[in-house]
Structures are given as C-alpha cells and as structure tokens.
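Working through the structure, step by step
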Amino acid sequence: MSPVLLEPTPSAAGIERRLFLRQTLGLGALTLLTGCDISDHNSVQKVLKLMSQWNDRAQMFLFSDRRLAPTFAETDVVKDFRYNAFFPAEDAPRLTAADYRLELSGLIGDKRPWSVDQLYALPQESQITRHVCVEGWSMIGKWSGPRLGAFLQRVGADLTAKYVGFQCADGYYGSIDMPTALHPQTIMAVKFADEILPVKYGYPFKVRIPTKLGFKNPKWVTTIYVTNRYPGGFWADRGYNWFSGS
Ligand SMILES: Nc1nc2c(c(=O)[nH]1)N[C@H]1C(S)=C(S)[C@@H](COP(=O)(O)O)O[C@H]1N2
Ligand SMILES: [Mo]
C-alpha cells in the first residue's frame, strides 16, 4: 500500500518530503540488496520488518501534522454502509449499555471507567468522510461522537506519550501515534448517519480516524491505554504497515 494516502499540495516542502521519502525507500531497498542472503527466509523477514519500522518512523516524522482528511456533503453519505471485520456480522459482539464500561489504563491520570451515557454527554462532533479499506473498497459515511483528543485531555492522559492503544470486545487490538489521537478529526464515533451506532459497526463506539486506513479504526472498543512502548496491532502484527495513513 502507498504510504501517501492524501497527496500533499505541491509546494517546496511537499517536493522535499517526497524526495526524502524516495531516499528512505531507496535506503530500504539497498539494505535488502546488500544486507542479507535473499535465499534465507528469516533474514529477509527481518529486513522487511526493519524496513517497515523505519517506514513507520519516517511516516510519523513526515505526516503527523494536522493535515485534514477531505470532507463531503450529506448527499454523498452511503446509508447502507459496508460491514467489515475478521468474522461475519452475525458474530459481532453485542455489548449493552447496562454492562458496558470503557476501561482506561497506562499513562492516564483518572482511570475511572466510562459508561455509554457519560460518552454521550461529552461535546459531539460530526464528520462526513471517506472510509478506505485495504481490501479495495471505500465509502463515504457520517460519524458523530466526542473527539478522542478532548477525551484524553479530560481523563488526564500523558499527551506527550508516544502511543494510544485500543482493545476490542472481539479480540481485535490496535494503536496509533499520539499526534493522530489528538487530530481534530479523530473521534469516538457513537453514531452513524445520525443514529446510535449499530452493533455491526462497533457499538458503543468505533474510533473513527479519517486520516487512516479502515483497519486502523477499531470497533467495539473496551479499553483505551496510553503508552511509550510500541503496542502493534491485529493487522500490523500480521505484516501490514502500522502507520497506514497520513
Ligand atoms: N474490533 C474490530 N475493529 C475493526 C475490525 C475488526 O475486525 N475488529 N476491522 C477493521 C477493518 S479492516 C475495517 S475496513 C473497518 C470496517 O468498519 P465498518 O464495518 O464500520 O465498515 O473496521 C475496522 N475495525
Ligand atoms: Mo479494512
């Protein structure tokens, strides 16, 4: 997948970034050519992993600014939105407001768990953005909910930490860099198309991150934690690029 999801506007800085990226990739390719015996599967895997981590670092350095994802009109919204997860929709976890509590851990001052109603009581943001899945489909949807950044600030998270991680009711897990967590378009989406988020789309909420690929948008989130130790993710640990966004 291309690391550059949203083409930067042509500018001296943009061209410089692209040149730097090309050098980055060139370096990786060089390592691959000179650093190991390609017939040795393990060392190839190691180099590819190193390259991918290097690309994560390069992408974090290059793209973790406050660039906004494109937004669309109400008329562009697809109501019958596509479902995706690593299992069929019938098997989606059925969390209930009565039992649900969002757990907080790691570098967070106030770790008291949150109920669904408490999340609904926070100031809500709406966005009409495009969800892009690596499997080769994309759809425009409308999501609403509190900003993750405002939430993290409110619970006294260490906003200078490197990562925000998520655990989900289906065993899925993921993590993002702090700048992405604090990005104004990163929200805890409790609604889809102005309705309470349906079960299959992640009830009670999905972390909606329009600057990232679909798999970086965890559904049925049960724990949010803040850490300086790289947490990986369900797909990142299976070889997909961790940063996967802009
Ligand atoms: N908990 C959890 N979150 C997940 C997934 C998953 O399998 N489990 N799949 C991801 C992928 S690959 C995509 S494309 C989107 C799909 O979200 P949607 O069903 O709302 O379209 O959810 C993401 N978040
Ligand atoms: Mo996806």
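Placed above this text is the structure.
Reading guide: rules and limits
Residues numbered from 1 in each chain as written. Chains lettered and ligands numbered in written order. Predicted model: local features only at pLDDT ≥ 70, side-chain atom pairs only at ≥ 80, totals over all residues. Heavy atoms only, no water. Helix = DSSP H or I, 4+ residues; strand = E, 2+ residues; numbered from the N terminus. Buried < 20%, exposed > 50% of the residue type's maximum accessible area, 1.4 Å probe, protein only. Pairing = 2+ DSSP bridges. Axes fitted to C-alpha atoms, helices over the stretch in contact; angles between N-to-C directions. Near = heavy atom within 4 Å. Polar contact = N/O pair within 3.5 Å; in protein donor to acceptor, adjacent residues only side chain to side chain. Areas by Shrake-Rupley, 256 points an atom, 1.4 Å probe, with all protein chains shown as cover.

This next bit is on unusual backbone geometry. Note that the residue after Y203, namely P204, is joined by a cis bond; omega there is 5°. With respect to the element layout, P204 can be found in the loop between β8 (195-196) and β9 (206-208). With a phi close to 50°, A193 is a non-glycine residue in the positive phi region. Among the structural elements, A193 can be located in the loop between β7 (191-192) and β8. Among the residues examined, A193 registers a relative accessible area of 15% and is labelled buried.

It is worth spelling out the sheet that holds strand β5 (residues 173-177) at this point. Taken together, the four strands give an open sheet; going across it, the order is β1-β10-β4-β5, and neighbouring strands pair in mixed fashion. Every other strand in the sheet has two partners, leaving β1 (103-106) and β5 as the edge strands with one partner each. Pairwise comparison of adjacent strand axes, ignoring direction, gives a mean angle of 20° for this sheet. Sheet topology places strand β4 (residues 163-168) next to β5; five bridges connect them, and they run antiparallel. Counted as the bridge partner of F166 is G174 from β5.

What follows covers the site of ligand 1. Lining the immediate environment of ligand 1, one finds 20 residues, of which R82, D170, K206, N217 and K219 sit closest. Interatomic distance of 2.6 Å between a backbone N/O atom of R82 and an oxygen atom of ligand 1. D170 places a side-chain nitrogen or oxygen 2.7 Å from a nitrogen atom of ligand 1. The fraction of the free accessible surface of ligand 1 (540 Å²) that becomes covered by protein chains is 98%.

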